[in-house]
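Structural features, examined
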Amino acid sequence: MSTALVTGASAGIGREFATQLAAKGEDLVLVARDVARLEALAVELTAAHGVAVEVLPADLADREQLERVAERLRDPSRAIDLLVNNAGFSVNSRFVDGDVAAEERMLDVLVRAVLVLSHAASTAMVSRGRGRIINVSSVAGLLASGTYAAAKSYVTTFSESLAGQLSGTGVAVTALLPGYVRTEFHERAGIDKGDRSGPFWLEASDLVRTALAAAESGKVICVPSLQYRAVVGVVRHLPRAMLRSSRVSALHRKP
Ligand SMILES: NC(=O)c1ccc[n+]([C@@H]2O[C@H](COP(=O)([O-])OP(=O)(O)OC[C@H]3O[C@@H](n4cnc5c(N)ncnc54)[C@H](OP(=O)(O)O)[C@@H]3O)[C@@H](O)[C@H]2O)c1
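Residues numbered from 1 in each chain as written. Predicted model: local features only at pLDDT ≥ 70, side-chain atom pairs only at ≥ 80, totals over all residues. Heavy atoms only, no water.

1. A closer look at the sheet that holds strand E2 (residues 27-32)
If you trace the 7 strands from one edge of the open sheet to the other, you get E3-E2-E1-E4-E5-E6-E9, paired in parallel fashion. At either margin of the open sheet sits one strand with a lone partner, and together these are strand E3 (53-57) and strand E9 (221-222). Seen against the sheet, helix H2 (residues 35-49) touches E2 and E3 and runs at an angle of roughly 175° to E3. (Pairing = 2+ DSSP bridges. Helix = DSSP H or I, 4+ residues; strand = E, 2+ residues; numbered from the N terminus. Contact = heavy atoms within 4.5 Å. Axes fitted to C-alpha atoms, helices over the stretch in contact; angles between N-to-C directions.)

2. Some details on helix H7 (residues 204-216)
Over its 13 residues, H7 runs 18 Å from end to end, which matches the ideal 18 Å to within 8%, given 1.5 Å per residue. Turning to H7, its buried residues number three or more, namely Ala204, Leu207, Val208, Ala211, Leu212, Ala214 and Ala215. Each buried residue of H7 lies within a common arc of 160° when the element is viewed along its axis, so the set occupies one face. Of the residues trailing H7, Gly218 is marked for its positive phi of about 80°. (Expected span 1.5 Å × (residues − 1). Buried < 20%, exposed > 50% of the residue type's maximum accessible area, 1.4 Å probe, protein only. Arc of directions from axis to C-beta.)

3. What about the packing of aromatic side chains?
Under the defined criterion, the tally for this structure stands at 4 aromatic pairs. Between Tyr154 and Phe158, the ring centres sit 5.6 Å apart and the planes meet at 10°, which makes this aromatic pair stacked. Of the two residues, Tyr154 and Phe158 are both situated in helix H5 (residues 146-165); the distance of 4 residues between them amounts to about one turn of the helix. Note on Phe158: relative accessible area 17%, which makes it buried. (Phe/Tyr/Trp six-rings, centres within 6.5 Å; stacked < 30°, edge-to-face > 60°.)

4. A look at the environment of Ala204
Mapping Ala204 onto the fold places it in helix H7. The exposure class of Ala204 is buried, given its relative accessible area of 10%. As for Ala204 and Phe17, which are separated by 187 residues in sequence, their C-alpha atoms are 8.7 Å apart. Residues contacting Ala204, with those up to four places away along its chain left out, are Ile13, Glu16 and Val181.

5. Re the packing of helix H4 (residues 100-128) against H5
Relative orientation of the contacting elements H4 and H5 amounts to 10°, with a least axis distance of 9 Å. Regarding the angle of H4 to H5, the classification is roughly parallel. Across the interface between the two elements, Glu103, Met106, Leu110, Val111, Val114, Leu115, Ser118 and Ser122 from H4 touch Thr147, Tyr148, Ala151, Lys152, Tyr154, Val155, Phe158 and Leu162 from H5. Residues belonging to the contact of H4 with H5 are distributed by class as follows: 11 nonpolar, 3 polar and 2 charged. (Parallel < 35°, antiparallel > 145°, perpendicular 65-115°, else oblique. Nonpolar A, V, L, I, M, F, W, Y, C, P; charged D, E, K, R; others polar.)

6. Some points on the pattern of salt bridges
Enumeration according to the criterion identifies 13 salt bridges in this entry. Notably, a salt bridge pairs Arg15 with Glu44, separated by 3.1 Å at the nearest N-O pair. Within this pair, whereas Arg15 is found in helix H1 (residues 12-23), its partner Glu44 is found in helix H2, the two being separated by 29 residues in sequence. Among the residues examined, Glu44 registers a relative accessible area of 41% and is labelled partly exposed. For the salt bridge of Arg78 with Glu54, the shortest nitrogen-to-oxygen distance reads 3.5 Å. One end of the pair, Arg78, is in the loop between helix H3 (63-74) and strand E4 (82-85); the other, Glu54, is in strand E3, and 24 residues separate them in sequence. Take Glu54: its relative accessible area is 26%, and that puts it in the partly exposed class. In this structure, a network of salt bridges that share partners links the residues Glu54, Arg72, Asp75 and Arg78. (Salt bridge = Lys/Arg side-chain N within 4 Å of Asp/Glu carboxyl O.)

7. Overview of the nonpolar core
Judged by nonpolar contacts, the single largest core of 44 residues is most densely connected at Phe17, Leu21, Leu28, Leu30, Ile134 and Leu176. The element that contributes the greatest number of residues to this core is H7, accounting for 7 residues. Judged by nonpolar contacts, the second largest core, of 28 residues, contains Val69, Ile80, Leu83 and Ile133. (Core = buried A, V, L, I, M, F, W, Y, C linked by side-chain atoms within 4.5 Å.)

8. Some points on the site of the ligand
The ligand sits among 31 residues. The nearest are Ser10, Arg33, Tyr148, Thr183 and Arg188. Note that an oxygen atom of the ligand is positioned 3.0 Å from one of the backbone N or O atoms of Gly8. Take Arg33: an N or O atom from its side chain is 2.7 Å from an oxygen atom of the ligand. Relative to its unbound accessible area of 890 Å², the ligand is 98% covered by the protein chains. (Near = heavy atom within 4 Å. Polar contact = N/O pair within 3.5 Å; in protein donor to acceptor, adjacent residues only side chain to side chain. Areas by Shrake-Rupley, 256 points an atom, 1.4 Å probe, with all protein chains shown as cover.)

Next comes the structure, spelled out in structure tokens:
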């Protein structure tokens, strides 16, 4: 029996990770701020799959609360075999004249939490000679499209670097780069994305199935869906100057 810790497990992609992992028989540690939603999910998954589910409430923008999650990852008596760094949100405002405190909270959750939790998990996993980390990034990280994109760019590059450093240790790292996914993400950020239909909108269930298979096979970068693999293929070959142009950067503005 192995155990996975999922951040941002109360909704969207994180909730789907928790659900699919429970269906595979994995015990879980669920992290997010909304305790009621986490507890309801824990009851549901234990009843459906007979797995042990621990609720660990934390605001990952808060250093002390983040440290509690890191301590759980380091606990040698209760090993975590898979860390999913998934929690995140976007700030829907222009940088100039925007709320810099909100920008810092976003950076804390998207970047600092991923850094601190990956450090705690990888150190513990290397000492055991096995483990997996999935960092939820975004195709937005390939664009020059605001602070959210910059943070996701960090997550992708950081994951690739860590995967390289951990080569041969038995610990694998996968960066997951979704495009648009039907979750609470846009609504929470106050971003109107219309009826969210069409080929560029993904289901969290398909995305997570692909991500878990990619992590299982040791893939470092996972871009789910043919549509987005095509987009990424094109974007990677565009001149950076073109990515900075307002028309291209607006393609994925927020997120
Ligand atoms: N949806 C998309 O189109 C899309 C595309 C590319 C990448 N992503 C990335 O996918 C990840 C998951 O997003 P989603 O689409 O599933 O969004 P979502 O449905 O809004 O869920 C976000 C999750 O993050 C948690 N969270 C937010 N702030 C937190 C904090 N300060 N501390 C702890 N947990 C926090 C939320 O839980 P609580 O509110 O309970 O704390 C929630 O469980 C994010 O990293 C996002 O950037 C999403």
